[in-house]
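If you want the building blocks of each chain, they are given just below.
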Amino acid sequence: MLPSRRSRLLGTAVLAVLLASCASGTPQVEVVGPVHVAAPVAGSSQVALTLVNRGDGDDELVSVSSDAALAVEIHRTTIADGSATMETLDGLPIGAGEEVVFRPGGLHLMLVVPDETVREGGTVGLVLDFERSEDVVVEGQVVDLLDLAEGTTE
Ligand SMILES: [Cu+2]
């Protein structure tokens with residue numbers, strides 16, 4: 001009786017250590033550089049920005065929202081056999097020290113059905129919700145889609 005109970009306790013202890021190690025360190029995700037939102041094309045707007053996790057723990061971008069759109073989705077464009085496909089991601093891991101660049105043609109954020117306030121020269125508020133870091137609130141500048149693509153390749 002006793003040994004089996006002890007091994008079960010030991011198992012629980014090992015599990016606790018494993019779970020703790022998954023969430024070790026403290027992530028600190030920030031937006032660096034400009035946040036640009038493309039003027040809407042066909043009912044959606046691409047968003048370009050760069051995230052950096054300056055902390056020593058892993059994190060995940062869980063969702064993004066904006067008062068100026070029905071929804072904000074995390075998309076990844078992949079090009080295969082000459083045609084581009086866009087997939088929607090449920091979340092995006094950002095490891096400790098990692099930098100994630102959102103830009104047209106690759107990983108990007110997309111405003112779904114942006115409202116009339118999303119027009120060139122205007123601004124759009126975005127709230128980025130992370131698994132562990134504090135929410136990040138940013139103001140994006142609305143620019144022409146071509147400027148957006150150029151401005152983020154540097
Ligand atoms: Cu997209």
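Residues numbered from 1 in each chain as written. Predicted model: local features only at pLDDT ≥ 70, side-chain atom pairs only at ≥ 80, totals over all residues.

### Topic: the overall build of the protein
Turning to step 1, where the next piece is worked out: Within the protein one finds two helices and 10 strands.
Turning to step 2, where the next piece is worked out: Counting from the amino terminus, the protein carries its helices and strands in the arrangement α-β-β-β-β-β-β-β-β-β-β-α.
Turning to step 3, where the next piece is worked out: The long-range share in the protein, meaning contacts at least 24 apart out of those at least 6 apart in sequence, stands at 73%. (Helix = DSSP H or I, 4+ residues; strand = E, 2+ residues; numbered from the N terminus. Contact = placed C-beta atoms within 7 Å.)

### Brief notes about the environment of Ser-44
Turning to step 1, where the next piece is worked out: Assignment of secondary structure puts Ser-44 in strand S2 (residues 44-53).
Turning to step 2, where the next piece is worked out: Distance in space between the C-alpha atoms of Ser-44 and Val-113 is 5.4 Å, their sequence separation being 69 residues.
Turning to step 3, where the next piece is worked out: With residues near it in sequence (within four places) discarded, Ser-44 still touches Met-110, Leu-111 and Val-112.

### Looking at the nonpolar core
Turning to step 1, where the next piece is worked out: One finds Val-37, Val-47, Val-72, Leu-109 and Leu-111 to be the most contacted residues of the largest nonpolar core, which totals 27 residues.
Turning to step 2, where the next piece is worked out: Only strand S1 (29-38), S2, strand S3 (59-65), strand S4 (69-80), strand S8 (107-114), strand S9 (123-130) and strand S10 (136-143) provide two or more residues apiece to this core.
Turning to step 3, where the next piece is worked out: If sequence neighbours within four positions are ignored, Val-37 has contacts with Ser-45, Val-47, Leu-111, Val-118, Val-124, Gly-140, Gln-141 and Val-142. (Core = buried A, V, L, I, M, F, W, Y, C linked by C-beta atoms within 7 Å. Buried ≥ 20, exposed ≤ 12 C-beta atoms within 10 Å, placed from the backbone.)

### Digging into the pairing of S4
Turning to step 1, where the next piece is worked out: In this structure, S4 lies alongside S8, joined through seven bridges in antiparallel fashion. Each residue of the ladder has a partner; that of Arg-76, found in S8, is Leu-107.
Turning to step 2, where the next piece is worked out: For S4 and strand S5 (residues 83-89), the ladder comprises seven bridges, and the chain directions are antiparallel. What sits directly across from Ile-74, in S5, is Leu-89.
Turning to step 3, where the next piece is worked out: Where S4 folds back on S5, the antiparallel hairpin that results is connected by two residues, among which Asp-81 adopts a positive phi of roughly 55°. (Pairing = 2+ DSSP bridges.)

So yeah, pure geometry; function would need other evidence.
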